[in-house]
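A structural walkthrough
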Amino acid sequence: MAQFYEQIFCKFEKQLEYDEVIVVKSFLEQFAYYKDSINENHLRCIVEQTIYGNMDILTDREYQLWVSIFADNCSKYPNIYEMYKIQKDIIDNTFTERNLMIQRVVSKLDIFVGNENHTARLFQSVIENLYRLFNFSWKNEILDWISQLPYNRFNQDKITEKLNFIEANEDCELVLSALQSLFNLHDLEKSQYKRVKRLNNFFLNPHFNKVFIVTGTAGAGKSFFIKEYIVSVVSAIEENDISILPCIVDISKINRFVNFEDFVIAELSSFTGKALSSIDEANVFFRDLPAKVCFIIDDLNSQVLKEKDWDKLIRGIKKFSKFEQFRWILSIDEYEYYYLECDNSFLNKYCITQTDITQKENQEPTIFCNAFSIDQYNKVQNIVKWILKSQYGIAEQLFSLDVILGITTPKEAHYFGEAVPKGEVIGMPSTYYDYIIKIVRWKNTALMSQKPDGIENDLRKIIDFIIRNHICELDGLDLSTIDLMPFRKVQLVNPLFIKSTSMFDLDQGAMKTSYKINVFPFWAAKMTKMVDIRDLEKVGDLVSFPKELTEWLIPCVIFFNFESYTKKGNEIFEFFSVLNEQHILDYALFCANKTSIVFSKKLFEYLVENLTCYIQGPKDCYSVLYFVFYSKLKMAEKLRLLNTMAEYIPKFGFEKLYERIFCSIINNSMREKNLKKNVLEVALCRVDTVNYINGSNAGAKYFGLAVNQGKEIEMIVQDIIEYIESHPKLLSTISIKEGHNESFMDFFLRRCLQRCTKGT
C-alpha cells in the first residue's frame with residue numbers, strides 16, 4: 001500500500017503517511033452502509049467516500065488501483081472478499097471506458113444531490129413525461145406521418161434524395177426545411193384530411209423538444225426539482241438504462257472562455273473524464289455510446305446578467321441542440337424570465353411547453369407558455385399545505401382554504417413550520433407581512449426563553465456585523481463577546497463543519513467550526529428596522545447582500561416601510577419614488593401579489609402617473625406586465641395600465657407575453673356588456689401592433705359571449721353598431737376620412753366578421 005500512496009500523492013511533492021488499518025476500517029464502514037445493494041456504481045461511491053468523503057472524486061486510474069489494494073488487503077474479511085469475487089466476474093465490464101465514464105458521472109451526480117431527501121417524489125409525473133420527451137425523436141415521428149401519404153411515382157427519385165438528406169443531417173432547422181419539401185412532394189389532394197392537417201399544424205408550429213426551462217420564484221423548488229430529476233436518472237442508470245446522462249454545467253466558469261461552445265465542451269470533458277474537442281466529436285461519441293447528454297444549468301440568471309450574454313447563451317444552446325444527442329435543462333428565476341421572451345423562435349421551436357410536460361391543458365392562465373412554472377405546479381398540487389401537514393403536523397382544521405395566501409413557496413412553508421411553537425393553535429397568515437411578523441414573534445419568544453436576562457445586545461452585534469460586511473457567515477465576528485448558544489438552540493444560527501483540504505495547511509484533514517445565520521425571514525425583519533427608507537444610500541445597497549438574504553430583505557424593507565407610511569398618513573408616492581430612484585421598485589412589482597389589495601392599488605396609481613420615468617429597459621417593462629398579471633386589481637385598472645405602457649411592448653419584443661396577459665384579463669368577462677365596458681380602456685391605443693392583439697382577441701371573446709347568450713348574428717351586428725355610435729371617439733378611430741385602418745375597432749370588427757362568416 002505504501003507504494004500506491006506514493007504513486008497517488010507524489011504530485012504533491014510531500015511525504016504523507018497513512019495508517020493502513022484505519023483506511024481499511026473506513027472502507028468496511030462504507031461497505032456496511034450499502035449492505036446487500038452493491039453494484040459497480042456503489043463500489044465506486046464506497047471507494048471515494050473512503051478516500052475523500054464528499055470532498056472530491058477519484059480519477060479512473062486511481063479508482064482501479066484502490067480497488068486492487070482493497071481486494072488484496074480485505075481477503076480476510078469474508079463479506080468483502082465475496083463481494084470482490086463478484087466484481088472479478090464482471091471486471092471486463094467494470095473497467096471498460098464506457099463503464100468507467102458512467103461510474104464517474106454517477107459519482108459526480110451523487111455529490112451534487114448530497115443528502116437531500118427525494119423519497120416523496122413530488123415531481124414524478126413531470127419527470128416521467130420529461131424522460132419520454134427527451135427520448136422522443138420529432139424527426140422520426142414526422143417521417144412516419146409523411147410515409148403514410150400517397151405520392152406520384154414520378155417523384156420517387158426526388159423523395160429518395162430528400163430522405164437521404166434527412167437521414168444524413170441532424171441540424172434541426174435544415175431537417176425541418178427538408179421535411180417540408182418532402183411533404184410537398186406527396187399527393188396531398190388524395191391524402192386523408194386529418195393527416196394533412198396534422199402535418200400542416202406541425203410545420204406551422206414546429207417543436208423540437210430539446211430544452212426544458214424550469215422557472216419559479218425564490219424558494220419555489222427549482223433546484224429541488226433538478227435534484228429529483230437527477231435522482232430519477234441515476235436510479236435508471238443503476239437499472240442499466242443509460243439513455244440519458246446528465247452533465248452539471250458550472251455556469252460560474254463561463255467568463256473564462258471566449259465562446260460558449262468551448263465552455264460547454266470543457267465542462268462535458270471534465271464531468272465525464274472523456275477528452276472532447278468539439279461539438280461534432282461529442283455528438284459522434286455519445287451517439288455511439290449510445291446515450292443522450294442532458295446539460296443542466298441551475299440558477300442560470302445568477303451568472304448571466306447582461307443582455308449580450310443571454311444572446312450568446314441562446315445562440316450556443318441552439319447550436320448544440322441542432323444535434324440529436326444533446327438536451328438541456330435550465331432553471332431561471334421568474335423575475336428574470338423576460339430575457340427569454342426576446343427570442344420567440346427559441347422558445348417556440350426548442351423549448352418544451354407547460355402543456356406537453358404536464359399532459360394537461362392549463363386550468364389557469366399562465367405567462368410561462370414555454371416553461372414549467374414551479375410556483376403554478378405547487379399551487380395546483382397544494383404543496384405548501386402538504387408540507388405543513390405532513391412534515392410539521394399542523395392540523396387540517398387550520399386550513400380554511402387550499403391556498404394559504406401568506407405562504408406561497410415550499411421554503412416559506414418550511415420556515416413557518418419550523419417556527420411554530422409546539423401545541424400552539426395558530427392562524428394562517430393572510431399576507432407576506434403577517435407571515436414575517438408571526439415568525440419574528442415566535443423566534444423572539446423562543447430566544448427570551450433561552451436567555452431571560454436579555455438578548456438584544458448580542459442580537460445587535462450580529463446584525464451590525466452582517467450589515468457592515470454584507471455576508472451571512474459569522475467568520476471574523478468576535479465570538480468571545482457573544483453568547484451564540486441561545487441562537488443555536490432556536491436554529492437562528494447554525495454551525496458549519498468544514499474539513500480543511502489544503503495540502504499546505506498544518507491542520508489538513510481537521511474539521512473547523514464556523515457559523516452562519518439561519519431563518520432568513522427573522523434576520524431580514526430585524527435588519528429592516530435598522531434601515532431608514534429615507535437613507536437612499538442604504539436602501540440601494542440592499543442588493544449587494546448575498547442572494548439568499550436579499551430575497552427576504554428587500555420585500556421586508558418594502559412591506560414594513562409601506563405599513564409605516566400608511567399608518568402615519570404620509571404621502572405613499574414618496575415611498576415608491578425612493579424605490580424607483582434606487583432601482584428596486586421592480587421588487588415591489590414582483591412581490592405585490594404577496595400582500596394586500598391596498599398595496600397594489602397604491603402602486604397602480606403611482607405607475608399610471610410615473611410609468612415613463614420608471615420604464616427604462618426590458619426588465620422594467622416585464623415587471624409591470626408581471627404585476628398586471630398577478631395583482632388583485634380590477635379588470636379596468638389592469639387594462640388601463642396595459643394601455644399606458646403600450647409603446648414599450650413592440651420596443652422590447654414582448655408581443656407574445658403581452659397577448660397571454662391580455663387574454664387572461666378579458667377571459668374573466670362572463671358577459672358581453674362587462675367586456676365592452678372594460679375594453680374602452682384600450683380602445684384608443686395608438687400602437688398598431690398592440691391594437692391588433694387587443695382588437696382581435698377582444699373581438700373573438702365578445703362574439704363568443706354573444707353567441708353563448710343565444711344572440712343571432714343580426715342582433716350581434718346591431719349591438720356593435722350601437723356600441724360604436726354611443727362612443728363617438730370609437731367612431732373616429734375607424735373614420736374613412738382619417739384613412740387609418742389599424743385601430744382597435746378595426747381589428748375588433750374584422751375578427752367579429754371573420755367569426756360571422758364561419759358561422760360560429
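Quick summary incoming for the structure in this document.

Thresholds, definitions, all that
- Residues numbered from 1 in each chain as written.
- Predicted model: local features only at pLDDT ≥ 70, side-chain atom pairs only at ≥ 80, totals over all residues.
- Heavy atoms only, no water.
- Core = buried A, V, L, I, M, F, W, Y, C linked by side-chain atoms within 4.5 Å.
- Buried < 20%, exposed > 50% of the residue type's maximum accessible area, 1.4 Å probe, protein only.
- Helix = DSSP H or I, 4+ residues; strand = E, 2+ residues; numbered from the N terminus.
- Axes fitted to C-alpha atoms, helices over the stretch in contact; angles between N-to-C directions.
- Parallel < 35°, antiparallel > 145°, perpendicular 65-115°, else oblique.
- Left-handed = near helix turned anticlockwise from the far one by under 90°.
- Contact = heavy atoms within 4.5 Å.
- Patch = residues over 30% accessible without salt bridge, like charges linked within 9 Å, V, L, I, M, F, W, Y side chains within 5 Å.
- Areas by Shrake-Rupley, 256 points an atom, 1.4 Å probe, with all protein chains shown as cover.
- Salt bridge = Lys/Arg side-chain N within 4 Å of Asp/Glu carboxyl O.
- 1 Å grid on protein atoms, 1.4 Å probe; cavity = no way out; pocket = protein on both sides within 12 Å on 5 of 7 lines; lining within 4 Å.
- Points joined across faces, edges and corners; volume = space filled by probe spheres on them.
- Pairing = 2+ DSSP bridges.
- Polar contact = N/O pair within 3.5 Å; in protein donor to acceptor, adjacent residues only side chain to side chain.
- Phe/Tyr/Trp six-rings, centres within 6.5 Å; stacked < 30°, edge-to-face > 60°.
- Lys NZ or Arg CZ within 6 Å of the ring centre and 35° of its normal.

**Brief notes about the nonpolar core**
Generally speaking, a soluble globular protein has its nonpolar side chains buried in company with each other. The biggest cluster of nonpolar side chains holds 227 residues, and the ones touching the most others in it are Phe-212, Phe-225 and Trp-523. With 11 residues, helix α28 (residues 547–568) is the single largest residue contributor to this core. Counting residues in each nonpolar core, the second largest holds eight residues, with Leu-58, Tyr-63, Trp-66 and Val-67 among its members.

**Looking at unusual backbone geometry**
In the segment running from Leu-289 into Pro-290, the intervening peptide bond is cis, with an omega of -10 degrees. Note that Pro-290 resides in the loop between α15 (279–288) and β3 (292–297). The phi angle at Arg-121 is positive, at roughly 50 degrees, despite the residue not being glycine. Considering the arrangement of structural elements, one finds Arg-121 in the loop between α7 (97–113) and α8 (124–134).

**Brief notes about the packing of helix α10 (residues 156–168) against helix α11 (residues 172–184)**
Contact geometry of α10 with α11 gives a least axis separation of 10 Å together with a crossing angle of 160 degrees. Classified by the interaxial angle, the pair formed by α10 and α11 is roughly antiparallel. In the packing of α10 onto α11, the handedness of the crossing is left-handed. Along its contact with α10, which presents Ile-159, Lys-162, Leu-163, Phe-165 and Ile-166, the element α11 presents Leu-174, Val-175, Ala-178, Leu-179, Ser-181 and Leu-182.

**Re the environment of Leu-553**
Secondary-structure assignment places Leu-553 in helix α28. A relative accessible area of 1% places Leu-553 in the buried class. The sequence separation of Leu-553 and Ala-525 amounts to 28 residues, and the corresponding C-alpha distance is 7.1 Å.

**Points about a nonpolar patch on the surface**
On the surface, a cluster of nonpolar side chains totalling about 210 Å² of accessible area is made up of Ile-713, Val-717 and Ile-721. With respect to the helices, strands and loops of the structure, Val-717 is situated in helix α38 (residues 713–725). Its relative accessible area of 38% is what places Val-717 among the partly exposed residues.

**Details of the layout of surface pockets**
For the largest pocket, the calculated volume is near 1,200 Å³. Together, 40 residues line the largest pocket, and Glu-116, Gly-219, Ser-223, Phe-224 and Lys-411 are the ones closest to its centre. Secondary-structure elements contributing two or more residues to the lining of the largest pocket are α13 (222–238), β4 (326–333), α20 (374–381), α21 (383–390), α22 (410–419), β6 (493–499), β7 (511–517) and α28. Element by element, the count of residues in the lining of the largest pocket is highest for α22, at five residues.

**Details of the pairing of strand β2 (residues 244–248)**
By the criterion of burial, β2 is predominantly enclosed, with five of the five residues buried. The two faces of β2 match: Ile-244, Pro-246 and Ile-248 on one face and Leu-245 and Cys-247 on the other face are all buried. Two elements, β2 and β3, share five bridges in a ladder whose sense is parallel. Considered in β3, the bridge of Ile-244 is made with Lys-292.

**A look at the sheet that holds β4**
One key point about sheets: their strands pair by backbone hydrogen bonds, in either a parallel or an antiparallel sense. Spatially, the five strands line up as an open sheet ordered β2-β3-β4-β1-β5, and their pairing is parallel. The open sheet has two edge strands with one neighbour each: β2 and β5 (372–373). Helix-sheet contacts for helix α16 (residues 307–321) involve β1 (211–216), β3 and β4, and the interaxial angle to β4 is about 155 degrees.

**Remarks on the side chain of Ser-743**
Within the secondary structure, Ser-743 sits in the loop between α39 (728–733) and α40 (744–758). Overall, Ser-743 belongs to the buried group, its relative accessible area being 4%. Of the polar contacts made by the side chain of Ser-743, one reaches the side chain of Asp-746; its length is 2.7 Å. Excluding anything up to four places from it in sequence, Ser-743 contacts Asn-691, Thr-733 and Ile-734.

**Here we look at the side chain of Thr-528**
By the secondary structure assignment, Thr-528 is in helix α26 (residues 520–528). Thr-528 gets classed as buried once you look at its relative accessible area, which sits at 5%. Within the structure, Thr-528 has its side chain in polar contact with the backbone oxygen of Ala-524 (distance 2.7 Å).

**A few points about the packing of aromatic side chains**
What the rule picks out here adds up to 58 aromatic pairs. With a centroid separation of 5.6 Å and an interplanar angle of 45 degrees, the aromatic rings of Phe-576 and Tyr-606 are classed as tilted. Of the two residues, Phe-576 is situated in helix α29 (residues 572–581) and Tyr-606 in helix α31 (residues 597–614); the sequence distance between them amounts to 30 residues. You'll find Phe-576 and Tyr-606 in the same group, each marked buried. A ring pair is formed by Tyr-692 and Phe-747, whose centres lie 5.3 Å apart and whose planes are at 90 degrees; its orientation type is edge-to-face. One end of the pair, Tyr-692, is in helix α37 (residues 688–708); the other, Phe-747, is in helix α40, with 55 residues separating them in the sequence. Given a relative accessible area of 45%, Tyr-692 falls into the partly exposed group. Residue classification places Phe-747 among the buried positions, given a relative accessible area of 9%. Against the face of Trp-145 rests Arg-198, its NZ or CZ located 4.2 Å from the ring centre. The positively charged end of Lys-227 is found above the aromatic ring belonging to Phe-112, 5.6 Å away from the centroid.

**Some details on the pattern of salt bridges**
Tallied over the full model, the rule gives 22 salt bridges. Salt bridges sharing partners connect three or more residues here, namely Glu-170, Arg-287 and Asp-288.

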